[in-house]
Amino acid sequence: MALNKTIGTVQERSLGTQVNPFHMLLQQLDLAREHTGIPGGIWEILRRPERALEVSVPITRDDGEIEVLTGYRVQYSSARGPCKGGIRYHAGVTLDEVKALAGWMALKCAVVNIPYGGGKGGIACDPTRFSEREIERITRCYTARILPLIGPKQDIPAPDVNTNASVMNWIVDTASALRGEALPGIVTGKSLELGGALGRREATGRGVMFTTIGVLHRLDIDITNARIAIQGFGNVGSIAAQLLTDQGAKVVGISDVSGGYYCPTGFDINDVLRYVETSPGHLLAGYSVPGMEEITNDELLTLDVDVLIPAALEAQITSRNAADVKAKVIVEGANGPTTPEADLILAANGSVIVPDILANAGGVVCSYFEWVQNIQCFAWEEKETNQRLGRIMQRAIAEVWDLSTERQISLRLAAFVLGVERVAQAISLRGVFL
Ligand code: NAD
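Keep in mind it's a predicted model, so treat the numbers as computed, not measured.

Chemist: Describe the overall build of the protein, naming the residues involved and giving the relevant values.
Modeler: Each helix and strand in the protein was counted, giving 15 helices and 12 strands. Expected size for 434 residues packed as a compact globule is a radius of gyration near 22 Å; at 20 Å, the protein falls within 12% of this value. Structurally, the protein occupies a C-alpha span of about 55 × 55 × 45 Å along its principal axes. Among the 434 residues that make up the protein, the fraction classed as buried is 60%.

Chemist: Tell me about the domain arrangement of the protein, and please be specific about residues and values.
Modeler: The domain boundaries assigned to the protein delineate domain 1 (48–183) and domain 2 (202–359). Here the C-alpha centre of domain 2 lies 27 Å away from the C-alpha centre of domain 1. Of the residues lining the interface, 11 residues belong to domain 1; the matching set on domain 2 comes to eight residues. Between domain 1 and domain 2, the buried area comes to about 790 Å², and carbon and sulfur atoms account for 61% of it. Of all residues in domain 1, Trp104, Lys108 and Val111 bury the most surface against domain 2, accounting for 51% of the area lost on that side. If you look at where domain 1 meets domain 2, you find one salt bridge. Residue glutamate 314 is joined to arginine 88 by a salt bridge in which the shortest nitrogen-to-oxygen separation is 3.0 Å. Inspection of the domain 1/domain 2 interface yields two residue pairs in polar contact (both at pLDDT 80 or more). Contributions of two or more residues to the side of domain 1 that touches domain 2 are made by β3 (83–90) and α4 (95–111). Examining the composition of the side of domain 1 that touches domain 2, we find that six residues originate from one element, α4, more than from any other.

Chemist: I'd love a proper account of the layout of surface pockets, names of residues and values included.
Modeler: The calculated volume of the second largest pocket comes to roughly 440 Å³. Lining the second largest pocket are 22 residues; nearest its centre among them are Ile45, Glu50, Ser78, Ala79 and Ile427. Of all elements in the fold, only α2 (21–33), α3 (40–46), β2 (66–77), α4 and α15 (411–430) reach the threshold of two or more residues within the lining of the second largest pocket. Residue contributions to the lining of the second largest pocket peak at four residues, all from α15. Across the lining of the second largest pocket, the residue classes tally to 14 nonpolar, four polar and four charged.

Chemist: Please set out the site of the ligand residue by residue, giving values where relevant.
Modeler: Not every one of the 27 residues close to the ligand is listed here, only the nearest: Asp160, Thr204, Asn235, Val236 and Asn335. Contact distances for the ligand include 3.1 Å between an oxygen atom and a backbone N or O atom of alanine 312. With respect to the ligand, the side chain of glutamine 316 contributes an N or O atom lying 3.5 Å from a nitrogen atom. Calculation on the ligand without its partners gives an accessible area of 830 Å², and the protein chains cover 96% of this total. Elements with a minimum of two residues in the shell around the ligand: α1 (10–15), α7 (200–218), α8 (235–246) and β7 (250–256). Class assignment of the residues belonging to the shell around the ligand gives a composition of nine nonpolar, 12 polar and six charged. Viewed by domain, the shell around the ligand spans two of them, domain 1 (48–183) and domain 2 (202–359), each represented by three or more residues.

Chemist: Residues and numbers for the side chain of glutamine 373, please.
Modeler: Relative to the helices and strands, glutamine 373 resides in helix α13 (residues 362–376). Look past the residues within four positions of glutamine 373 in its chain and what remains in contact with it is Ala197, Phe378, Ala379, Trp380 and Thr385.

Chemist: Before we move on, can you summarise the packing of α7 against α8 with the specific residues and values?
Modeler: Two elements in contact, α7 and α8, have axes separated by 8 Å at closest approach and are oriented at 55°. Between α7 and α8, the interaxial angle falls into the category oblique. Judged by the twist between their axes, the crossing of α7 over α8 is right-handed. Two secondary-structure elements touch here, α7 through Arg201, Glu202, Thr204, Gly205, Arg206, Val208, Met209, Thr212 and Ile213 and α8 through Asn235, Val236, Ile239, Ala240, Leu243 and Leu244.

Chemist: Summarise the nonpolar core; cite the residues concerned and give the values.
Modeler: Counting 98 residues, the largest nonpolar core has Leu25, Leu29, Leu46, Phe233, Ile254, Phe267 and Ile309 as its most contacted members. A per-element tally of this core places α15 first, with 12 residues. When residues of this core are assigned to domains, at least three map to each of domain 1 (48–183) and domain 2 (202–359). Contacts of leucine 25, omitting those with residues within four sequence positions, involve Tyr76, Lys99, Ala100, Gly103, Trp104, Leu107 and Phe416.

Chemist: Lay out the confidence of the model for the protein with the relevant residues and their values.
Modeler: Model confidence for the protein is summarised by a mean pLDDT of 94, while 96% of its residues fall at 70 or above. Ignoring residues within four places in sequence, the model shows residues 1–17, a span with pLDDT below 50, making 50 contacts including any to other chains.

Chemist: Before we move on, could you go through the side chain of aspartate 306 and cite the residues and values that matter?
Modeler: Following the sequence through the fold, aspartate 306 ends up in the loop between α10 (297–301) and β10 (307–310). In contact with aspartate 306, not counting residues within four places along its chain, are Asn225, Ala226, Arg227, Ala327, Lys328 and Val329.

Chemist: Can you explain unusual backbone geometry? Please cite residues and give values.
Modeler: Here aspartate 220, not a glycine, exhibits a phi torsion of approximately 65°, which is positive. Position of aspartate 220 relative to the elements: it lies in the loop between α7 and β6 (227–231). One non-glycine residue with positive phi stands out, namely glutamine 408, at about 55°. With respect to the secondary-structure elements, glutamine 408 resides in the loop between α14 (382–407) and α15. Looking at glutamine 408, the relative accessible area reads 68%, which means it is exposed.

Chemist: Can you break down the pattern of salt bridges residue by residue, with the values?
Modeler: The full count for this structure, using the stated rule, is 26 salt bridges. Here arginine 88 makes a salt bridge to aspartate 160, at a shortest N to O gap of 2.6 Å. Taken as a pair, arginine 88 in strand β3 and aspartate 160 in the loop between β5 (155–159) and α6 (165–179) lie far apart in primary sequence, 72 residues in all. By relative accessible area, arginine 88 is classed as buried at 3%. We classify aspartate 160 as buried; its relative accessible area is 14%.

Parameters at a glance
Residues numbered from 1 in each chain as written. Predicted model: local features only at pLDDT ≥ 70, side-chain atom pairs only at ≥ 80, totals over all residues. Heavy atoms only, no water. Helix = DSSP H or I, 4+ residues; strand = E, 2+ residues; numbered from the N terminus. Rg over C-alpha atoms; globule rule 2.2 N^0.38 Å. Buried < 20%, exposed > 50% of the residue type's maximum accessible area, 1.4 Å probe, protein only. Domains from an automatic or database assignment. Contact = heavy atoms within 4.5 Å. Buried area = accessible area lost by both parts, 1.4 Å probe. Salt bridge = Lys/Arg side-chain N within 4 Å of Asp/Glu carboxyl O. Polar contact = N/O pair within 3.5 Å; in protein donor to acceptor, adjacent residues only side chain to side chain. 1 Å grid on protein atoms, 1.4 Å probe; cavity = no way out; pocket = protein on both sides within 12 Å on 5 of 7 lines; lining within 4 Å. Points joined across faces, edges and corners; volume = space filled by probe spheres on them. Nonpolar A, V, L, I, M, F, W, Y, C, P; charged D, E, K, R; others polar. Near = heavy atom within 4 Å. Areas by Shrake-Rupley, 256 points an atom, 1.4 Å probe, with all protein chains shown as cover. Axes fitted to C-alpha atoms, helices over the stretch in contact; angles between N-to-C directions. Parallel < 35°, antiparallel > 145°, perpendicular 65-115°, else oblique. Left-handed = near helix turned anticlockwise from the far one by under 90°. Core = buried A, V, L, I, M, F, W, Y, C linked by side-chain atoms within 4.5 Å. pLDDT = per-residue confidence, 0-100.

Here it is as structure tokens:
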């Protein structure tokens, strides 16, 4: 199976602005600082990743040529437990991007209160340039090079943009072979046959659905017939679209790297899913139904809808387009889709932003369930996973919402305050060792 959801690179990057995600994280942390009583020394610990590893990844191409890629694994914080976070294959991957994503993971795990720190990994490459066998060789070499850092009790990777269950399966196999022991719990998001969890594939989209419904309910907006636009029709965006339409919402705008699509009467998401199952590159390009019009990705972000769900990459809503965003509620399916400058513009216009570290936490919560099952060598039924996921997400939504109401701060600030206070408390309780 080739990576079944590869996405282009140059086009994507040109749609965003040149924002350094790590600077974005630091800005967000600094904004949260004044709402916490965290001492300066602990704050300095919070502003730096614990460990960052850069590796070279040489592979032999199918034509015999050697090519050398660069990969990273960053462990931002292990104060609350083993580091946890996905691996991304994308031309735009940089050390600063991985550091930011690892930091957001640490805060996300704290917001939903699961016993993990935060990590992230990535390889700077355009996966569409490589065959499936080449992707396997890249993955195995990268695994061998980051192996000193990862393990079920150290740091547990998972899929992210352009990586999937096959990539996780190769990591399990490589690590188990090199360490001489069965290591299913070294990654999450692997195939069911190797210890993957039922419900993991859908979990991030399901969490987006829970947060959307939870926030709309608190804002007195009826989910039935709520008009929704979703940027990105990959794992997160497509599942969120499906589950939200199941709840009665109308998904009127969808997009992927091939462009945007608008259907005022609402898309039949199951029909769209059937289309991308077999379309070239699994893209929306070529999809057509009566009443639908093609729009640009920029137009998708500014559609007149109740809810906008950016579920593609970071820095999509920026100071350039934020003033044109009309959605009442923005639910961040992607990590870091809104820049801090755009945040201010959206807030001034009265939009409610449900931050990534809450909205897309369903994936890591279910990864936690997968890891627990691996450790116990015991598989749960999907119903149990979904029920537990619902309970954890409802609790986190309520905690963030209540803190935001109590302190009169935005949901993003409330989630950051909740997250950093929990990480800071763990650091303080453990004490500074070396
Ligand atoms: P994916 O590769 O499955 O899908 C990404 C989608 O975004 C594709 O449809 C792609 O064509 C589209 N896309 C890329 N650039 C775009 C652009 N500029 N405009 C419109 N569409 C564009 O990735 P995914 O797993 O769905 O992840 C999406 C986001 O969600 C990422 O930010 C990821 O870090 C985050 N996230 C994913 C998970 C998970 O469990 N998969 C969990 C938490 C957060």
